[in-house]
Amino acid sequence: VSKQVLERVLRELQPFCTSEQQFLQEFFRLGRDSVELQALEGRVSTVSSPGPSSSLAHPWEEATAQLLTEIFSCLEPELRAFLDICNKVHPLGCLQVLVTLSDSVFGTWGSSSAAPSSFLRTFLGNALLLAKSNFNKCIGTLCKEIEEAKAPSRMRAGILPCVSCFQEFVVFSEEVFRTSRRRGELDKAQLRLASSVFSSINSLSSANLRVNTDMVMMENFHHIHNFLCQKNIPCLEGKKREAKQRSREHMEKFVTTYLGQPLEGLSHFFEGVKARLAQGVKEEEVSFQLAYSKQELRKVIEKYPGKEVKRALETVYRKIHKHLSPEENLLPVVWQTMEQEFIRQYREFGELIQRCYAGSGIALDFTMEDLLSYFNSITLSN
């Protein structure tokens, strides 16, 4: 409603100021070489503040604008007060004010409108500068609130408030600027907000959360990427690619964290084996290391019979299902990534056994076929 009222005010100002300007020029005969103009030029030069006429090129325009400024002395404070009201009607009312004034100044209301008077052009230009300043202050405040926001103390998985705020801003601003030909200010604002949101998500890594941090970051970056794919906003293409990359990185960290639980003992043992190899110990000599002897390896393997591994995977699946938010539907993707990483680990363990414990007859209690059947049955039963 405020947008419509503001448009109407500006539309009615245009013919009013134009007709008044024409009257002054005709009544006082303000031409290029008129005596009246020479008299008025003296008045213009004595004015302490240049006002809106300072950007006008021709003396007769300056003289006319000076007269209009005196006649309409109450216009600027009244318009400023009205713009303040428009800004307060909606939390993001400054966007509508900016678009409406920009359209007025740059004539995007159509060619049918008469050209605005030189006085009105400058007057609205000043108002547009004020609107841009208010808009930038609004964006600065939003960015500060997003960056300084703390994670909820009882936070669970799901979309963070800063991500929802950014999404709402983009949806609203795109609708407001839908018919506008000038969106430079909006592009800069969206980039600033996106950077603040990314910074806020990154700060979670140092927050004391009760849930897995990588899981929360994965879901939120994934949500941003999907949202930006739907909107297809050119200035945010870089942020879209970054969100996709960050989501993938945190998914890998999330999977690695949870995979350490089903085969924790085996993972720890073979990390030690790899460390000895990196230190220069020969493969055939690893088994002579006290902590990595054949006997120690058999003890570790005995702790992970196939049934126990399957039971541990079922526990992990339930835990992931419990904490992942259903809205993002990331469970199938995460579970598939876990399966691929689990298979990679299984192969790595088998390879190390072949290299460092060759001829010992030692092997994991479960085969690759067993492992695939574990994942398949868990997926089908859920």
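The text that follows walks through the structure, step by step, so that each part is easy to find. Note that the coordinates shown come from a computational prediction; the quantities given were computed from them, not determined experimentally.

### Remarks on the packing of helix H8 (residues 184-202) against helix H9 (residues 213-231)
For step 1, the next point in the chain: Axis separation between H8 and H9 bottoms out at 10 Å; the angle between their running directions is 165°. Comparing their axes, H9 and H8 come out roughly antiparallel. By crossing handedness, the relation of H8 to H9 is classed as left-handed. Residues Val197, Phe198, Ile201 and Asn202 of H8 form the contact with H9, whose participating residues are Met217, Asn220, Phe221 and Ile224.

### Regarding the packing of aromatic side chains
For step 1, the next point in the chain: Applying the stated criterion across every chain yields a total of nine aromatic pairs.
For step 2, the next point in the chain: Ring plane angle 50° and centroid distance 5.0 Å describe the contact between tryptophan 335 and phenylalanine 375, whose orientation is recorded as tilted. In this pair, tryptophan 335 is assigned in helix H14 (residues 331-356) and phenylalanine 375 in helix H15 (residues 368-381), connecting sequence segments 40 residues apart. Accessibility classification places tryptophan 335 together with phenylalanine 375 in one group, the buried group.

### Focus: the nonpolar core
For step 1, the next point in the chain: Core analysis: the biggest nonpolar cluster contains 106 residues, and Ile201, Val273, Val334 and Leu371 have the highest contact counts within it.
For step 2, the next point in the chain: For this core, the leading source of residues is helix H6 (residues 118-148), giving 13 residues.
For step 3, the next point in the chain: Ignoring any residue separated from it by four or fewer positions in sequence, one finds isoleucine 201 in contact with Leu160, Cys162, Val163, Met217, Asn220, Phe221 and Ile224.

What counts and what doesn't
Residues numbered from 1 in each chain as written. Predicted model: local features only at pLDDT ≥ 70, side-chain atom pairs only at ≥ 80, totals over all residues. Heavy atoms only, no water. Axes fitted to C-alpha atoms, helices over the stretch in contact; angles between N-to-C directions. Helix = DSSP H or I, 4+ residues; strand = E, 2+ residues; numbered from the N terminus. Parallel < 35°, antiparallel > 145°, perpendicular 65-115°, else oblique. Left-handed = near helix turned anticlockwise from the far one by under 90°. Contact = heavy atoms within 4.5 Å. Phe/Tyr/Trp six-rings, centres within 6.5 Å; stacked < 30°, edge-to-face > 60°. Buried < 20%, exposed > 50% of the residue type's maximum accessible area, 1.4 Å probe, protein only. Core = buried A, V, L, I, M, F, W, Y, C linked by side-chain atoms within 4.5 Å.

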